[in-house]
Amino acid sequence: MSKVDLFEQEALALQRANDVLAMAAPDPSAYRTALQELVQHYGQLMRQSRRLISRSDRTERELNQLNARLQQLSDELDYKARHDNLTGALNRGAVFERAHQVLQKSPMSLVVLDIDFFKRINDEFGHPTGDAVIRELVARLRTTVDGVGVIGRVGGEEFTILLPGMALEPAVVLAGRIRQAIAGERFGCLPARPVTSSFGVAWATAGSDFEQAYARADQALYQAKRSGRNRVESEETVTG
Ligand SMILES: Nc1nc2c(ncn2[C@@H]2O[C@H](COP(=O)(O)OP(=O)(O)OP(=O)(O)O)[C@@H](O)[C@H]2O)c(=O)[nH]1
């Protein structure tokens, strides 16, 4: 297939002008014709170049906007993959990942908590009220652990709070404050009855296995449930 020369007309005009220049004694009208032709093609080239430049500027702006939108969508996807969409807390996968990262560098305490008799709340007041209770509970967790802990929703009505660098004793004290922040004041979405939670607290050394610490906290939580609920137990108070 023969190649199309986009500048065929311009090349011909240039060739004719060169031919005139090469003549030993050209006729002035030949100069004039060649110059006119060159002026016409040169003007045309300038107009087309301006159009192309402005089109390419527009395309670049559109591409930049598309790139920014793509980045925004990718950030949104990343956020959704790591957060629980009911509460905005980290989801189970993300909070476990964060725990592993923390334990690579420092020790930490962790609190697991579970809303007491949550099934009854759903059964008596409906699932939407149950959802509202979960949201309001996370809002209270945020107010209490703001800046100190990382909140994750690890199950339907079960949450974990990572407390990087915090020893077991202050973590138990903090869990007591969270317990009080939940049980101490009726929920706006459920004024008819109090909401309470049970807590288990454990401590993990730097470099240790998070799953094992989580199991110890879970055992303590189980003990808190068995001992009457609305209370805090730590791995040190677990009796087996
Ligand atoms: N509204 C709502 N309910 C949920 C959600 N996820 C789990 N649940 C409910 O949470 C309830 C958990 O009930 P159980 O595991 O029996 O525990 P519980 O009633 O809280 O009792 P204890 O933990 O022993 O105090 C179940 O009825 C689930 O359907 C959710 O996202 N929204």
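Note that this is a predicted model, so its numbers are computed, not measured.

A. Representation of the UniProt feature "domain: GGDEF" (unreviewed entry) in the protein in the model. Taken from the UniProt record, the annotation "domain: GGDEF" (unreviewed entry) applies to residues 106-237. From the first C-alpha to the last, residues 106-237 spans 24 Å; its make-up is 45% helix and 23% strand.

B. Summary view of the site of the ligand. Near the ligand you find 16 residues, and of these Phe117, Phe118, Asn122, Asp131 and Arg153 are the closest. Contacts to the ligand include Phe117, whose backbone N or O atom sits 2.8 Å from an oxygen atom. Broken down by secondary-structure element, the contributors of at least two residues to the shell around the ligand are strand 2 (108-115), helix 4 (118-125) and helix 5 (127-145). Ranked by the residues each element gives to the shell around the ligand, the list is headed by helix 5, at 4 residues.

C. Seen up close, helix 1 (residues 8-22). With 15 residues, helix 1 extends 21 Å between its outermost C-alpha atoms, agreeing within 8% with the 21 Å of an ideal straight helix rising 1.5 Å per residue. Inspection of helix 1 places Glu10, Ala13, Ala17 and Val20 among the buried residues, and these make up the whole buried set. The arc that holds every buried residue of helix 1, seen down its axis, measures 85 degrees, which confines them to one face. Buried residues along helix 1 sit against helix 2 (28-82).

D. Local environment of the side chain of Thr196. Tracing the backbone shows Thr196 in the loop between helix 6 (168-183) and strand 5 (197-204). Thr196 gets classed as buried once you look at its relative accessible area, which sits at 19%. If we skip the residues at most four places from it in the chain, Thr196 touches Ile115, Asp116, Ile182, Ala183 and Asn230.

E. Up close: the pattern of salt bridges. Under the defined criterion, the tally for this structure stands at 9 salt bridges. Glu37 is the salt-bridge partner of Arg16, the closest N and O atoms lying 2.3 Å from each other. Taken together, the residues Arg16 in helix 1 and Glu37 in helix 2 connect sequence positions 21 residues apart. Look at Glu37 and you get buried, because its relative accessible area is 17%.

Conventions used here
Residues numbered from 1 in each chain as written. Predicted model: local features only at pLDDT ≥ 70, side-chain atom pairs only at ≥ 80, totals over all residues. Heavy atoms only, no water. UniProt positions renumbered as here; feature names shortened; annotations may be inferred. Helix = DSSP H or I, 4+ residues; strand = E, 2+ residues; numbered from the N terminus. Near = heavy atom within 4 Å. Polar contact = N/O pair within 3.5 Å; in protein donor to acceptor, adjacent residues only side chain to side chain. Expected span 1.5 Å × (residues − 1). Buried < 20%, exposed > 50% of the residue type's maximum accessible area, 1.4 Å probe, protein only. Arc of directions from axis to C-beta. Contact = heavy atoms within 4.5 Å. Salt bridge = Lys/Arg side-chain N within 4 Å of Asp/Glu carboxyl O.

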